[in-house]
Amino acid sequence: MGELKCHRCAVCDGYGCPGMLPGLGGVFEGKNFQLNCEGWHELFDAALARGLGDEIRAISVCPQQLRCGPVTGAVENIGYAREADFYLPYLSNAAKAGFGLCVGDGCPDEKLKLGVAAVKELNHTMVAVPELVGGGETTAESTTVKAAFFLKPYPQEKLFERIEWIRPYASHIGIDIDSYNIVTMRNLVNLERKTAVQLEDFRNHTKLPFVIKGVFTEDDLALVREVQPDVVYISNHGGRVETRIGSTAQFLAEKASELKKYCKEIWVDGGIRTKQDVQTALYYGANQVIAARPLIRATFDDHYAETVKELTSC
């Protein structure tokens, strides 16, 4: 199966894997990975000081409010012996738990195609999960288990080709705008920093709810104001891209009210480890909360049910 590129720390907070790239660590010696984890504690403590702790703890967390993160690079980043061994177990575990699905993009193209194949396989092996369908009646001919797909910011023509690969299996399609700067893909492929015009062009081709993923800076906010996507996905790629220093938790707390003027939903990831983290994210304005590293490890080590209990209350 391979060897997990993770030290299996008792607390997954970025301090046990500084600079482990490829691997599950982060850039800047794991600084933003660490801040992401700490950020949810800081927000909760700030609310607690204002007498709001019980209000946050009372928020019910159901699986439908969570998604598995869009993950690729199973060999170089996770430690699987074969890339193909990761996608179906990872997505199947999430779907069976009632979580929404996210599928990522990567280099080579095999990674995206393996994600598509896994979602396709789920439609043959699972009873439809209503929350993943987006509502409405399904038929035997329709695809019932769908995922939010996040494409890397390739040149436009390559993106349009990828849209055709994923559209039958997609509930949402987005662009991972910060990944033009991701260390693990640097010098391997031609990625671009997308303009508002390019994002609008991309959205027109998707014909599905559009997500801008990787919103974490003032420049990103300017893009959101101009494009007004269906979903804004706050992320610093788990601390794996070279961007400003900070946490997604703090960004959510500071910017959620403004972002809601320009989108229908806010999604957020980064450092989500416990039900209280999820509750805190929901309290501060998130509609969907995404976890990756805990679900990766739970899939690899086969303790998914325990991880689900740590994140939910329904």
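What you see is a predicted model, and the numbers here were worked out from it, not measured in a lab. (Residues numbered from 1 in each chain as written. Predicted model: local features only at pLDDT ≥ 70, side-chain atom pairs only at ≥ 80, totals over all residues. Heavy atoms only, no water.)

### Topic: unusual backbone geometry
Between Leu21 and the following residue, Pro22, the backbone shows a cis peptide bond with an omega angle of 0 degrees. Summarising the element assignment, Pro22 is placed in the segment before α1 (27-49). The phi dihedral of Phe28 falls on the positive side, at around 55 degrees, and the residue is not glycine. Residue position: Phe28 is located in helix α1. (Helix = DSSP H or I, 4+ residues; strand = E, 2+ residues; numbered from the N terminus.)

### Considerations on the layout of surface pockets
Considered as a void within the structure, the largest pocket measures approximately 620 Å³ in volume. Secondary structure elements with two or more residues in the lining of the largest pocket: α3 (74-78), β8 (288-291) and α12 (293-301). Classifying every residue of the lining of the largest pocket by side-chain character gives 17 nonpolar, 11 polar and 10 charged. Contributing elements (two or more residues each) for the lining of the second largest pocket: α12 and α13 (304-311). Grouping the amino acids of the lining of the second largest pocket by side-chain chemistry returns 10 nonpolar, 6 polar and 8 charged. (1 Å grid on protein atoms, 1.4 Å probe; cavity = no way out; pocket = protein on both sides within 12 Å on 5 of 7 lines; lining within 4 Å. Points joined across faces, edges and corners; volume = space filled by probe spheres on them. Nonpolar A, V, L, I, M, F, W, Y, C, P; charged D, E, K, R; others polar.)

### A few points about the confidence of the model for the protein
Residues with a pLDDT of 70 or more make up 95% of the protein, whose mean pLDDT is 93. Across residues 128-141, confidence stays below pLDDT 50; counting only partners more than four residues off in sequence or on other chains, it has 14 contacts. (pLDDT = per-residue confidence, 0-100. Contact = heavy atoms within 4.5 Å.)

### Re empty space enclosed by the protein
Applying the stated criterion across every chain, the model contains 1 cavity of 30 Å³ or more. When its volume is computed, the largest cavity comes out at roughly 40 Å³. No other element matches helix α4 (residues 87-97), which puts 3 residues into the lining of the largest cavity. Tallied by class, the residues present in the lining of the largest cavity amount to 7 nonpolar, 3 polar and no charged.

### Here's the deal with the sheet that holds strand β2 (residues 102-103)
Strand pairing in a sheet relies on backbone hydrogen bonds, with the paired strands running either antiparallel or parallel. Across the sheet, 8 strands lie side by side as β1-β8-β7-β6-β5-β4-β3-β2; this open sheet has parallel pairing. Among the strands making up the open sheet, the edge pair consists of β1 (66-68) and β2. The sheet contact formed by strand β6 (residues 231-234) and strand β7 (residues 265-268) spans 4 bridges and is parallel. Among the inter-strand pairings, Val232 is bridged to a residue of β7, identified as Ile266. Across the sheet, α4 is in contact with β1, β2 and β8; its angle to β1 comes to roughly 165 degrees. (Pairing = 2+ DSSP bridges. Axes fitted to C-alpha atoms, helices over the stretch in contact; angles between N-to-C directions.)

### As for the pattern of salt bridges
Inspection of every chain in the model, using the stated rule, returns 17 salt bridges. Residue Arg82 is joined to Asp85 by a salt bridge in which the shortest nitrogen-to-oxygen separation is 2.7 Å. Residue class for Asp85 comes out partly exposed when judged on its relative accessible area of 26%. In this structure, the salt-bridge partner of Asp176 is Lys152, at a minimum N-O distance of 3.6 Å. Linking Asp176 in strand β4 (residues 170-176) with Lys152 in the loop between β3 (147-151) and α7 (156-166), this pair joins segments that are 24 residues apart in sequence. Because the salt bridges share partners, they merge into one network encompassing Asp105, Asp109, Lys158 and Arg162. (Salt bridge = Lys/Arg side-chain N within 4 Å of Asp/Glu carboxyl O. Buried < 20%, exposed > 50% of the residue type's maximum accessible area, 1.4 Å probe, protein only.)

### Focus: the packing of aromatic side chains
Summed over the entire model, instances satisfying the criterion amount to 10 aromatic pairs. Between Phe99 and Tyr304, the aromatic rings sit 6.5 Å apart at their centres with planes inclined by 45 degrees, giving tilted as the arrangement. A residue pair is termed long-range when its members are at least 10 positions apart, and Phe99 in the loop between α4 and β2 and Tyr304 in helix α13 qualify at 205 residues. Here Phe99 matches Tyr304 in class, with each residue buried. Where Phe150 meets Tyr233, the ring centres are 5.4 Å apart and the plane angle is 75 degrees; that geometry is what we call edge-to-face. On the criterion of sequence distance, the pair formed by Phe150 in strand β3 and Tyr233 in strand β6 is long-range, its members being 83 residues apart. For the pair shown, Phe150 and Tyr233 are each scored as buried. Taken together, the ring pairs in this structure connect Tyr80, Phe86, Tyr87, Tyr90 and Phe300 into an aromatic cluster. Its end group placed over the ring of Phe216, Arg244 keeps NZ or CZ at 3.9 Å from the ring centre. (Phe/Tyr/Trp six-rings, centres within 6.5 Å; stacked < 30°, edge-to-face > 60°. Lys NZ or Arg CZ within 6 Å of the ring centre and 35° of its normal.)

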